[in-house]
Amino acid sequence: MKINPNKLVMDTVILLPIATLFQGIIPIINKVIFFVIIAMLLYIFLINKKSAYEIMILIMFGVSYIIAAISTEGPLDNTNEIFYLLFFMMFSDYVILKYEYIKYYLQHNYNYLKKIVIIWNVVVIISMFFKTSYEEGYFYSFTGNVFRSATSATFILALIMILITKRKRNIVYAFIPMFCIFSGGSRTYLAVGLAICLAMYYMIAPSKKFFWCSLIPMALLFVSIISNSSIMDKIDSSLTVSSTEYYQDPLIKFTSGRSLFWKADMEAFFSSNLVEQLFGHGYRFVYDINQSAIYNRIWAHNDFINILLCYGFVGLVSYILMFKLMFEKCMLHFSFPKWIKIIAVFVWLFNAFFNMFYTYACASASYPFILFGFSLFWENKITREKYGWKKRLE
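As a convention, each chain's residues are numbered from 1 in the sequence order in which they are written. In keeping with the predicted nature of the model, local features appear solely for residues at pLDDT of at least 70, side-chain atom pairs appear and are counted solely at 80 or more, and the whole-chain, interface and lining totals rest on all residues. As a rule here, side-chain values cover all heavy atoms of the structure and leave hydrogens and water aside.

Draft legend 1. Geometry of empty space enclosed by the protein. Buriedness for pockets is judged along seven lines, at least five of which must meet protein on both sides within 12 Å for an open set on the 1 Å grid over protein atoms alone, while cavities are sets there where a 1.4 Å probe fits but cannot get out, and lining residues have an atom within 4 Å of a point. Grid points are joined across faces, edges and corners, and a volume is the space filled by probe spheres set on the points. Applying the stated criterion across every chain yields a total of two cavities of 30 Å³ or more. For the largest cavity, the calculated volume is near 50 Å³. Considering the residues around the largest cavity, the lining is formed by T154, Y189, V192, V347, N351, F357, A363, S366, Y367 and I370. Those elements that place two or more of their residues in the lining of the largest cavity are helix 10 (187-204), helix 18 (338-354) and helix 19 (361-387). Helix and strand assignments come from DSSP, with helices taken as H or I runs of at least 4 residues and strands as E runs of at least 2, each series counted from the N terminus. Element by element, the count of residues in the lining of the largest cavity is highest for helix 19, at four residues. Three categories are distinguished: nonpolar for Ala, Val, Leu, Ile, Met, Phe, Trp, Tyr, Cys and Pro, charged for Asp, Glu, Lys and Arg, and polar for the others, with Gly belonging to the last. Of the residues in the lining of the largest cavity, the class split is seven nonpolar, three polar and no charged. Reported here for the second largest cavity is a volume of approximately 30 Å³. Surrounding the second largest cavity, L41, I44, F45, M90, D93, Y94 and L97 form its lining. Contributing elements (two or more residues each) for the lining of the second largest cavity: helix 3 (29-47) and helix 5 (81-97).

Draft legend 2. The nonpolar core, seen in detail. Core analysis: the largest hydrophobic core is formed by 131 residues, its most contacted members being F91, L106, Y319, Y367, F369 and F374. The element contributing the most residues to this core is helix 17 (residues 303-331), with 17 residues. As used in this record, nonpolar core signifies buried Ala, Val, Leu, Ile, Met, Phe, Trp, Tyr and Cys residues forming a set joined through side-chain atoms within 4.5 Å. To sort residues, take the accessible area from a 1.4 Å probe on protein chains only and compare it with the maximum for the residue type: under 20% means buried, over 50% means exposed, and anything in between is partly exposed.

Draft legend 3. Seen up close, unusual backbone geometry. Backbone geometry places Y295, a non-glycine residue, at a positive phi of 60 degrees. Residue position: Y295 is located in the loop between helix 16 (285-294) and helix 17. For H301, which is not glycine, the phi dihedral falls at a positive 55 degrees. Locating H301 in the fold gives a position in the loop between helix 16 and helix 17. Here H301 falls in the buried class, since its relative accessible area comes to 16%.

Draft legend 4. Region of interest: the pattern of salt bridges. Salt bridges are identified by distance alone: a Lys or Arg side-chain nitrogen within 4 Å of an Asp or Glu carboxyl oxygen. On inspection of all chains with the given rule, the structure shows eight salt bridges. Residues D77 and R297 are paired through a salt bridge, measuring 2.7 Å at the closest nitrogen-oxygen approach. Taken together, the positions of D77 in the loop between helix 4 (52-71) and helix 5 and R297 in the loop between helix 16 and helix 17 put the pair 220 residues apart, joining distant regions of the chain. On the basis of relative accessible area, D77 is assigned to the partly exposed category, the value being 36%. Judged by relative accessible area, R297 falls into the partly exposed class, the value being 29%. Measuring nitrogen to oxygen at the nearest pair gives 2.9 Å for the salt bridge that ties D288 to R297.

Draft legend 5. A look at a nonpolar patch on the surface. On the surface, I118, V122, I125, I126, F129 and F130 cluster together to form a nonpolar patch covering roughly 570 Å² of accessible area. Residue position: I126 is located in helix 7 (residues 110-127). Classification of I126 as partly exposed rests on a relative accessible area of 44%. Within the patch definition used here, like charges are joined within 9 Å and nonpolar side chains (Val, Leu, Ile, Met, Phe, Trp, Tyr) within 5 Å, considering only residues with over 30% relative accessible area and no salt bridge. Values of accessible area rely on a 1.4 Å probe in the Shrake-Rupley scheme; residue burial ignores everything except the protein chains shown.

Draft legend 6. Summary view of the side chain of E379. Secondary-structure assignment places E379 in helix 19. Note on definitions: a residue-residue contact is assigned when non-hydrogen atoms from the two residues lie within 4.5 Å. The residues touching E379, leaving out its near neighbours within four places in the chain, are K103, Q107 and F334.

Draft legend 7. Local environment of the packing of helix 4 against helix 5. Close contact between helix 4 and helix 5 brings their axes to 12 Å; oriented N to C, the two are set at 170 degrees. Relative to helix 5, the element helix 4 is oriented roughly antiparallel. Residues E54, I57, L58, F61 and Y65 of helix 4 pack against I82, L85, L86, M89, D93, I96 and L97 of helix 5. Here the residues of the contact of helix 4 with helix 5 sort into ten nonpolar, no polar and two charged. Under this scheme, a helix contributes an axis fitted over its contacting stretch, all axes are lines through C-alpha atoms, and angles between N-to-C directions fall in the 0 to 180 degree range. Roughly parallel means an angle under 35 degrees; roughly antiparallel means over 145; roughly perpendicular covers 65 to 115; every other angle is labelled oblique.

Draft legend 8. Representation of helix 16 in the model. By the burial criterion, the buried members of helix 16 are F285, V286, Y287, I289 and N290. On its buried face, helix 16 sits against helix 5, helix 14 (258-270) and helix 17. Looking one or two residues beyond helix 16, the residue adopting positive phi is Y295, at roughly 60 degrees.

Draft legend 9. The packing of aromatic side chains, seen in detail. Only the six-membered ring of Trp is used, alongside the rings of Phe and Tyr, when aromatic pairs are assigned; centres must lie within 6.5 Å, and planes under 30 degrees apart are stacked while those over 60 apart are edge-to-face, with the rest tilted. Taken as a whole, this structure holds 45 aromatic pairs when the rule is applied. Both rings, one in Y99 and one in F372, keep their centres 5.1 Å apart while their planes meet at 20 degrees; by these two values the pair is stacked. A residue pair is termed long-range when its members are at least 10 positions apart, and Y99 in helix 6 (residues 99-108) and F372 in helix 19 qualify at 273 residues. Sitting over the ring of F45, K50 keeps its end group 3.9 Å from the ring centre. Comment: the charge-over-ring label is applied if NZ (Lys) or CZ (Arg) is within 6 Å of the ring centre and within 35 degrees of the ring normal.

Draft legend 10. Spotlight on helix 18. The span expected for a helix works out to 1.5 Å for each residue beyond the first. For helix 18, with 17 residues, the first-to-last C-alpha span of 23 Å sits near the 24 Å given by 1.5 Å per residue. A residue's bend is the angle separating two fitted axes: one through the seven residues that end there, the other through the seven that start there. Of all the bends in helix 18, the greatest, near 30 degrees, is centred on F346. Of all the positions in helix 18, only I340, I343, A344, V347, W348, N351 and A352 are classed as buried. Downstream of helix 18 by a residue or two, M356 has a phi angle that is positive, lying close to 135 degrees.

Here you go:
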């Protein structure tokens, strides 16, 4: 039986949100899926021609990637870290190369996408009845981590965006992933999830006038829901600084301490020599700096700072250029309203700046699906207007 590498990549990538659900129980599950995806992406990468611009970006990344590996001394704090940016670059390049195939796949595999969404919802509902799905009042299903739960939910929202381009009633499946985000306590993913929901609401609204007129009551509804969710505790905490707290800087409190070690990270970076600034320090450096600054071995919680420290300016530029190329490939086919483009960029940028985007497989893999959701919706809209098809989506 002949294997279609493109179909295998898409079928496997779409399994990521379900695999992530079980990562707290079967830690190796995502590693296996990752291996299959990267192996197939590498094969596709080698047999397809690329533009000179793509080749330049990939060479820049390749050089910084090799130097980062060579520069790293001692054991890795997180062995997966060597794959995170590699996966983002390879999958983004795949989206650029196979844009038409991916669009065709999403248009003709409605039932598979819907089954993934339904299975994910069912598993999450079942997990609600297990005490092990909660920690300190926050819910993360079987993932073992609230950020895994939130990224998995974000991927499902992206798939639902695709589904509602065929059937508007599929919006009902968005309730459970939004519940995961609300009850998980991540302010970053709350903002990302609400941005995606705003886009989906626009897609199912009967008219532009109805959409804009209903935004205020919808906003009041969301505020009411948020006010009665566990995430409100974190929002309240981030906006107030009590006199008994060690750090009195409101910015430190608002960023949950991130601005404190961001400052240390950037000072350390700009104290480096030219070669280290260009190509980075490898994977342990950011952990060493944060260990000294806040006595905690953590990454930067910011894509741009983390990539600077690991891969240098060359790595950061390759990351931004690849993102830009992928974004333009998906979004420049149509004349979208500016606010839709702003939402599309916000979903990436807000997450990349305040949490980290490329280090979560579901986050980086789901993003192109969000862009395809916009593109497919707009393509359907143009087709209906061009041929006078007045029937609304169900």
